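So you can see what is in the structure, the chains are spelled out below.
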Amino acid sequence: MPPDHSLDHTTAILAAVPHFSGLDDATLRAVAQAAIRRDYGSSQVVFVEGEPSDGLFIVESGWFKVIKLSPDGREQVIHFLGPGETFNAMSAFSEMPNPATVVALEKSIVWLIHREAMLWLLDTHPKLARVMIQKLATRVQHLISLVEDLSLHTVEARLARLLLEQGGEGTVQRRRWATQTEMAARLGTVPDVLSRALRKLAAEGLIRVARHQIEILDIKGLEERAMLE
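In this report, we go over the structure that sits alongside the text. (Residues numbered from 1 in each chain as written. Predicted model: local features only at pLDDT ≥ 70, side-chain atom pairs only at ≥ 80, totals over all residues. Heavy atoms only, no water.)

### A short note on the overall build of the protein chain
Counting its secondary structure elements, the protein chain contains nine helices and eleven strands. For a compact globule of 229 residues, the expected C-alpha radius of gyration is about 17 Å, and the protein chain comes in at 19 Å, within 12% of that figure. Looking at the 229 residues of the protein chain, the share that counts as buried comes to 45%. Taking contacts inside the protein chain between residues at least 6 apart in sequence as the whole, the part at least 24 apart equals 71%. Side chains of the protein chain carry 25 positive and 29 negative charges; the gap between the two charge centres is 4 Å. (Helix = DSSP H or I, 4+ residues; strand = E, 2+ residues; numbered from the N terminus. Rg over C-alpha atoms; globule rule 2.2 N^0.38 Å. Buried < 20%, exposed > 50% of the residue type's maximum accessible area, 1.4 Å probe, protein only. Contact = heavy atoms within 4.5 Å. Lys, Arg positive; Asp, Glu negative; His and termini not counted. Charge placed at Lys NZ, Arg CZ, Asp CG, Glu CD.)

### Re the pairing of strand β11 (residues 213-216)
Put simply, side chains in a regular strand alternate between the two faces of the sheet. By the alternation rule, side chains of β11 split into I214 and I216, which are all buried, and Q213 and E215, of which none is buried. From the end of strand β10 (residues 207-209) to the start of β11, which pair antiparallel, there are three residues. (Pairing = 2+ DSSP bridges.)

### Some remarks on the side chain of S91
Summarising the element assignment, S91 is placed in helix α3 (residues 89-92). By relative accessible area, which is 1% here, S91 ends up buried. Here P97 takes part through its backbone oxygen, which lies 2.9 Å from a polar atom of the side chain of S91. When neighbours within four sequence positions are excluded, S91 is seen to be in contact with S53, M96, P97, N98, P99 and R115. (Polar contact = N/O pair within 3.5 Å; in protein donor to acceptor, adjacent residues only side chain to side chain.)

### What to know about the sheet that holds strand β5 (residues 75-81)
Read from one edge to the other, the open sheet built from four strands follows the order β2-β7-β4-β5, with strand pairing classed as antiparallel. Strands at the two margins of the open sheet, each flanked by one partner only, are β2 (45-47) and β5. For this sheet, the mean inter-axis angle between neighbouring strands, taken without regard to orientation, is 30 degrees. Pairing between strand β4 (residues 64-69) and β5: six bridges, direction antiparallel. Paired with V66 across the strands is H79, a residue of β5. The strands touched by helix α7 (residues 180-187) are β4 and β5; relative to β5, the strand with the most contacts, the crossing angle is about 100 degrees. (Axes fitted to C-alpha atoms, helices over the stretch in contact; angles between N-to-C directions.)

### Thoughts on the packing of helix α1 (residues 7-15) against helix α2 (residues 25-34)
Viewed as axis vectors pointing N to C, α1 and α2 meet at an angle of 110 degrees, and their least axial separation amounts to 9 Å. Taken together, the axes of α1 and α2 lie roughly perpendicular to each other. Viewed along their axes, α1 and α2 form a crossing whose handedness is right-handed. Across the interface between the two elements, L7, D8, T10, T11, L14 and A15 of α1 pack against L28, R29, V31, A32 and Q33 of α2. Class assignment of the residues belonging to the contact of α1 with α2 gives a composition of six nonpolar, three polar and two charged. (Parallel < 35°, antiparallel > 145°, perpendicular 65-115°, else oblique. Left-handed = near helix turned anticlockwise from the far one by under 90°. Nonpolar A, V, L, I, M, F, W, Y, C, P; charged D, E, K, R; others polar.)

Have a look at this one:
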């Protein structure tokens, strides 16, 4: 079946995003008319840090990573993004360039709403402006926590915290692209150091590592490890 490019489909995608869930049908359709679909393949770059911003991006399907690159090419993953999430909001509401680089991790679809359309929405829908402020504040808090983790906690503590955050029912499912290299970049380390941390947690009976998942065996013990500096 060919992909659905209809206005109704786009409107439904927007309605499922928390930012737009409070908008009336007429406004949603107006935004949907301005939305532009973009398709990306695995490892394809959406945009590069420092380039002029196009606007707000909404993920329909697939996964992306937001990264900062050091001069020697080392990655620090800032965030992973999946269906229903948005990115580049800070630049969409200002004249700032893209603050980071975004790369598709698998075949993905996003919708772009240009900056001018987003500014019009904020001017005409104060409720949306409040939601956007809340989302931006949450993102800033995430960045503050990331700086704290990288500055004050060991790799083992950062790994334990990440596993606790992602282990919804005691298991962290690993997507095809979630390699140790990607996980290491998320934790601000290198694969060898990450491997040693995983082996140590496993040897202590806190986790069990399988090919496609990591099982948490001792939540309390992992919580204690997450608090170590």
